[in-house]
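# Results of the structural survey
The chain contents come next:
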Amino acid sequence: MKNNKNLGTWLNEMSLTHPLVIAGPCSAESEEQVLKVAHQLKNTDATVLRAGIWKPRTRPGNFEGVGEIGLKWLKRAKDETGLLTATEVANPRHVELALKNDIDLLWIGARSTVSPFIVQEIAEALKGTDKIVLVKNPVNPDLALWLGAVERLHTSNIDKLGVIHRGFSTYEKTGYRNNPEWQIPIDLQNQFPDLPLILDPSHIAGRRAIIFDLCQTALDLNFDGLMIETHHDPDNAWSDAKQQITPETLDQLTTDLTIRKEEGDALEYLNKLANLRTQIDIIDHKLTEILGKRMKIADGIGALKKKNNVAILQNKRWNGILSKMILEGKEFDLSEEFILKIYKAIHQESINHQKRLYDE
Ligand code: PEP
Ligand code: MN
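What counts and what doesn't
Residues numbered from 1 in each chain as written. Chains lettered and ligands numbered in written order. Predicted model: local features only at pLDDT ≥ 70, side-chain atom pairs only at ≥ 80, totals over all residues. Heavy atoms only, no water. Pairing = 2+ DSSP bridges. Helix = DSSP H or I, 4+ residues; strand = E, 2+ residues; numbered from the N terminus. Axes fitted to C-alpha atoms, helices over the stretch in contact; angles between N-to-C directions. Donors = N, O, S within 2.8 Å, 3.2 Å for Na, K, Ca; no water. Buried < 20%, exposed > 50% of the residue type's maximum accessible area, 1.4 Å probe, protein only. Salt bridge = Lys/Arg side-chain N within 4 Å of Asp/Glu carboxyl O. Core = buried A, V, L, I, M, F, W, Y, C linked by side-chain atoms within 4.5 Å. Phe/Tyr/Trp six-rings, centres within 6.5 Å; stacked < 30°, edge-to-face > 60°.

Turning our eyes to something else, we now look at the sheet that holds strand E3 (residues 84–88). Taken in spatial order, the eight strands line up as E1-E2-E3-E4-E5-E6-E7-E8 and close into a barrel, and their pairing is parallel. With direction set aside, neighbouring strand axes in the sheet form an average angle of 25°. Of the strand pairs in this sheet, strand E5 (residues 132–136) and strand E6 (residues 161–165) are connected by four bridges, and their pairing is parallel. Bridge pairing links Leu134 to Gly162 in E6.

See the structure below:
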């Protein structure tokens, strides 16, 4: 797919004065719930009402969505509030029903984007549609797979395209439900600057507390919009209860976010600077996280040494680490002096950790 300036036209045509906001419940639960949330969103920055009708669940036995009837509720919400409507489609039957019920924006979920077979079937069912189609990143951190899905849709003559960043699965437990791996959407943006890029902080976070910071990071990285799970009674939501926020909180969140307004060269400079600074912040966060993990392993070694009555400091091992790291540092253009300083500090912190254990 070549970068095509027309890819983002649909978003420009909305003439919004702020990034696009898609909000609404993880799942449509009842007509009353959909209408309630829609009316509460009516006077916020939200332009599009989202609700999952068919819910892809990792494990069976969880709420799998209300199905076709929910599309009627969305239609009614659109008629009553003027909000556009959005839902996830995962097969040609979903596409057929969503189009029949005049859904304005269809998205392909993370569990579908992973499969070129499914994406191809959906692309064929959508052939030539003038609806907006957004592709969520696949669950695994694979940019080519994500772009491949966009290409399949583009080849099916779908012009109103965009992508949603919802984070990536990891086996390892982190502070996120799905790791943001910001470098992946940044690379995508560099390759396709005109393809609208939307953040779904809800599925990245998995919890309410960090949604704001994720949104601000995305705006600093020039994302074009946000898709945020919003429910009138989040704690009692039938799916993803921990990560949903109320329409009132959403309203406050969009008010508190900083959006750069400068124009021309100044804007370009500030955007580039913010982009680079955000990349630094992301790496610093990773550095601290990884140092914390290293110390935890050192604690494990300390406990083992204590049990076996072995001294904490073992010079041979330490000198081995240092020479290995000096060599590795050269590969990354890091001076010997710097590597020595950093590793001495790390080593000292490990010893302090282990000493604490011995003193217990
Ligand atoms: C959703 O948006 O409700 C959803 C199921 O998301 P994802 O495909 O990102 O898991
Ligand atoms: Mn959800």
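Moving on from the coordinates now.
The next point concerns the coordination of the manganese ion (ligand 2). Each protein donor to the manganese ion (ligand 2) is listed here as Cys26 (SG), His203 (NE2), Glu229 (OE) and Asp240 (OD); together their distances run 2.0 to 2.4 Å. Along the chain, the residues donating to the manganese ion (ligand 2) fall in the pattern C-x176-H-x25-E-x10-D. One end of the pair, Cys26, is in the loop between strand E1 (20–24) and helix H2 (31–41); the other, His203, is in helix H9 (residues 201–205), and 177 residues separate them in sequence. Across the pair, His203 and Cys26 agree in class, each one buried.

Moving on to the pattern of salt bridges. Any two side chains of opposite charge can pair, so long as their charged atoms come close to each other. The tally for this structure, following the rule as stated, stands at 13 salt bridges. For the salt bridge of Glu172 with Lys293, the shortest nitrogen-to-oxygen distance reads 2.5 Å. Of this pair, Glu172 sits in the loop between E6 and helix H8 (183–191) while Lys293 sits in helix H12 (residues 264–307); the two residues are 121 residues apart in sequence, bridging distant segments of the chain. Taking relative accessible area as the criterion, Glu172 reaches 43% and is therefore assigned partly exposed. The class for Lys293 is partly exposed, based on a relative accessible area of 31%. One network of salt bridges, in which partners are shared, links Lys78, Asp102, Asp104 and Lys131.

What follows concerns the environment of Thr155. Tracing the sequence through the fold places Thr155 in helix H7 (residues 143–155). Here Thr155 falls in the exposed class, since its relative accessible area comes to 63%. Taking the C-alpha atoms as reference points, Thr155 and Pro185, separated by 30 residues in sequence, lie 22 Å from one another.

Before going further, it helps to examine the nonpolar core. Leu153 and Trp182 are the most contacted members of the largest nonpolar core, which has 67 residues in total. In terms of residues, this core owes the most to one element, H7, which gives six residues. The next biggest cluster of nonpolar side chains, apart from the first, holds 14 residues, and it includes Met14, Ile22, Trp107 and Ile198.

Here we come to the packing of aromatic side chains. One pass over the full model with this rule turns up three aromatic pairs. Where Trp182 meets Phe223, the ring centres are 5.8 Å apart and the plane angle is 75°; that geometry is what we call edge-to-face. Here the residue Trp182 occupies a position in the loop between E6 and H8, and Phe223 occupies one in the loop between helix H10 (211–220) and strand E8 (225–229), the gap between them amounting to 41 residues. The exposure class of Phe223 is buried, given its relative accessible area of 6%.

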